[in-house]
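Topology and contacts: notes
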Amino acid sequence: MRKLLGLGLLFLTLAGCALFSGRDPLTINVVGIDPLPSQDMEARFAVTLRLQNPNETAISYNGVALELEVNDQPLASGVSNQQGTLQGFSETTMTVPVSVSAFSMLRQTLGLSQARSLDGLPYVLRGKLAGGPFGTMRFVERGRLDLLGSNASGW
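The following paragraphs examine the structure supplied in this document.

Cut-off values and rules
Residues numbered from 1 in each chain as written. Predicted model: local features only at pLDDT ≥ 70, side-chain atom pairs only at ≥ 80, totals over all residues. Heavy atoms only, no water. 1 Å grid on protein atoms, 1.4 Å probe; cavity = no way out; pocket = protein on both sides within 12 Å on 5 of 7 lines; lining within 4 Å. Points joined across faces, edges and corners; volume = space filled by probe spheres on them. Helix = DSSP H or I, 4+ residues; strand = E, 2+ residues; numbered from the N terminus. Nonpolar A, V, L, I, M, F, W, Y, C, P; charged D, E, K, R; others polar. Pairing = 2+ DSSP bridges. Buried < 20%, exposed > 50% of the residue type's maximum accessible area, 1.4 Å probe, protein only.

Under the counting rule described, the total for this entry stands at one cavity of 30 Å³ or more. If you add up the space inside the largest cavity, you get close to 40 Å³. As for the largest cavity, its lining consists of Val47, Leu66, Glu67, Leu68, Ala76, Ser77, Gly78, Val98 and Leu125. At the level of elements, strand 4 (63-70) and strand 5 (73-80) are the ones that each hand at least two residues to the lining of the largest cavity. Among the residues making up the lining of the largest cavity, the classes are represented as six nonpolar, two polar and one charged.

So this is what it looks like as structure tokens:
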């Protein structure tokens with residue numbers, strides 16, 4: 001009887017996992033970084049994200065957490081308890097406040113002083129969009145920063 005019950009629970013677990021597969025990941029991109037009032041030995045910024053849902057079904061969320069690395073060094077982190085629902089095949093923007101400690105700024109300054117160029121510094125944005133016990137989605141965006149702002153080719 002116990003084996004039958006255990007087998008039944010295993011079957012239900014696997015069936016439950018199958019329900020969550022087949023969902024495409026969200027597309028999440030940074031579309032803006034704006035300064036916020038800072039405090040003591042930290043700088044604060046508002047990071048604006050664009051969330052795109054390429055699925056038929058809506059996705060509900062109840063919080064977001066971010067971590068930003070620049071030049072392979074931790075730079076900023078932030079959280080927000082924003083809640084909402086992203087309908088299927090739709091998009092929205094979300095702004096998350098992040099903090100940069102004085103030590104992170106110092107570490108970045110030392111790292112940049114050793115960099116050969118300020119063009120093309122690598123960045124990695126890691127985060128999670130919370131949506132309950134089975135709905136939390138993790139994301140990673142990688143790219144390169146152009147700190148010199150050179151745009152010789154024009155637009």
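Attention now goes to the layout of surface pockets. Quantified by volume, the largest pocket comes out at close to 280 Å³. What lines the largest pocket is a set of 15 residues, and nearest its centre among them are Ile33, Phe45, Leu68, Val70 and Leu75. Elements with a contribution of two residues or more to the lining of the largest pocket: strand 1 (27-39), strand 2 (42-53), strand 4, strand 5, strand 7 (90-101), helix 2 (102-114) and strand 8 (119-130).

Moving on: the pairing of strand 8. Direction of pairing for strand 4 relative to strand 8: antiparallel, over a ladder of eight bridges. The residue of strand 8 that forms the bridge with Glu67 is Arg126. In this structure, strand 8 lies alongside strand 9 (residues 137-146), joined through 10 bridges in antiparallel fashion. Paired with Leu121 across the two strands is Leu145, which belongs to strand 9.

This part covers unusual backbone geometry. Not every positive phi belongs to a glycine, and Asp40 is a case in point at roughly 45 degrees. With respect to the helices and strands, Asp40 occurs in the loop between strand 1 and strand 2. We classify Asp40 as exposed; its relative accessible area is 79%. Although it is not a glycine, Asp72 adopts a positive phi angle of roughly 65 degrees. Along the chain, Asp72 falls in the loop between strand 4 and strand 5.

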